[in-house]
Amino acid sequence: MSEHKKVELQKGFYTYGIILFLYWGLMFFLDRDYFSSKYMIEGMSFISVAVIIYFLLVYLFHKSDVGRKIVMWSLGAVFLVAVIGFWVTLGNH
């Protein structure tokens, strides 16, 4: 893949992260009667941290081969935690 396409892809991922952050913020703002202020603050804090981690992973992925390995291991760990959480949740019902 050419360097220009890599830069465009990276910009696309960053744009996607910004759109998600704005969308979630707008969701909390529009449904402010449904959510208490405590949950709105917790939700926006979580979203902020998630977007920062997302931007960091996108940066590392495009920086080097080591960065790609870090991203793949991170995604594998997230997948493993999600699967374990799913089975634990099923076991509690």
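Structure: see above.
Moving on to helix H3 (residues 65-91). A rise of 1.5 Å per residue sets the reference length of H3, with its 27 residues, at 39 Å; its end C-alpha atoms lie 39 Å apart and thus fit the reference within 8%. Looking at where H3 begins, the residue whose side-chain oxygen comes 3.4 Å from the main-chain nitrogen of Val66 is Ser64.

Approximately 180 Å³ is the volume found for the largest pocket. Phe13, Tyr54, Leu57, Val58, Phe61, His62, Val71, Met72 and Leu75 are the residues that line the largest pocket. Only helix H2 (37-63) and H3 provide two or more residues apiece to the lining of the largest pocket. At five residues, H2 tops the list of elements feeding residues into the lining of the largest pocket. Partitioning the lining of the largest pocket into residue classes produces eight nonpolar, one polar and no charged.

Counted under the stated rule, the structure contains one salt bridge. Of the charged contacts, one joins Asp65 and Arg68 as a salt bridge, the two residues approaching to 3.8 Å between their closest N and O atoms. Remark: Arg68 and Asp65 occur in helix H3; sequence separation between them is three residues, near one turn of the helix. Overall, Asp65 belongs to the exposed group, its relative accessible area being 55%. What makes Arg68 partly exposed here is its relative accessible area of 29%.

Analysis parameters
Residue indices begin from 1 for each chain and proceed along its sequence in written order. Only residues with pLDDT of at least 70 get local features here, since the model is predicted, and only at 80 or more are side-chain atom pairs given and counted; chain-wide, interface and lining totals rely on the full set of residues. For the side-chain quantities, the full set of heavy atoms in the structure was used; hydrogens and water were omitted. In this description a helix means any DSSP run of H or I spanning at least four residues, a strand means any run of E spanning at least two, and both kinds are numbered starting from the N terminus. Helix span, expected: 1.5 Å multiplied by one less than the number of residues in the helix. Counted as a polar contact is a pair of N or O atoms within 3.5 Å, where, for protein atoms, one must be capable of donating a hydrogen and the other of accepting one, and residues adjacent in sequence contribute only when both atoms are in side chains. In the cavity and pocket records, a cavity denotes points on a 1 Å grid over the protein atoms alone where a 1.4 Å probe fits but cannot get out, a pocket denotes an open set with protein on both sides within 12 Å along at least 5 of 7 lines, and lining residues are residues with an atom within 4 Å of a point. Grid points are joined across faces, edges and corners, and a volume is the space filled by probe spheres set on the points. Here the nonpolar group is Ala, Val, Leu, Ile, Met, Phe, Trp, Tyr, Cys and Pro; Asp, Glu, Lys and Arg are the charged ones; every other residue, Gly included, is treated as polar. Throughout this description, the term salt bridge denotes a Lys or Arg side-chain nitrogen within 4 Å of a carboxyl oxygen of Asp or Glu. Think of it in three bands: with a 1.4 Å probe and only protein chains considered, a residue is buried below 20% of the maximum accessible area for its type, exposed above 50%, and partly exposed in between.

These figures come from the coordinates and say nothing about function on their own.
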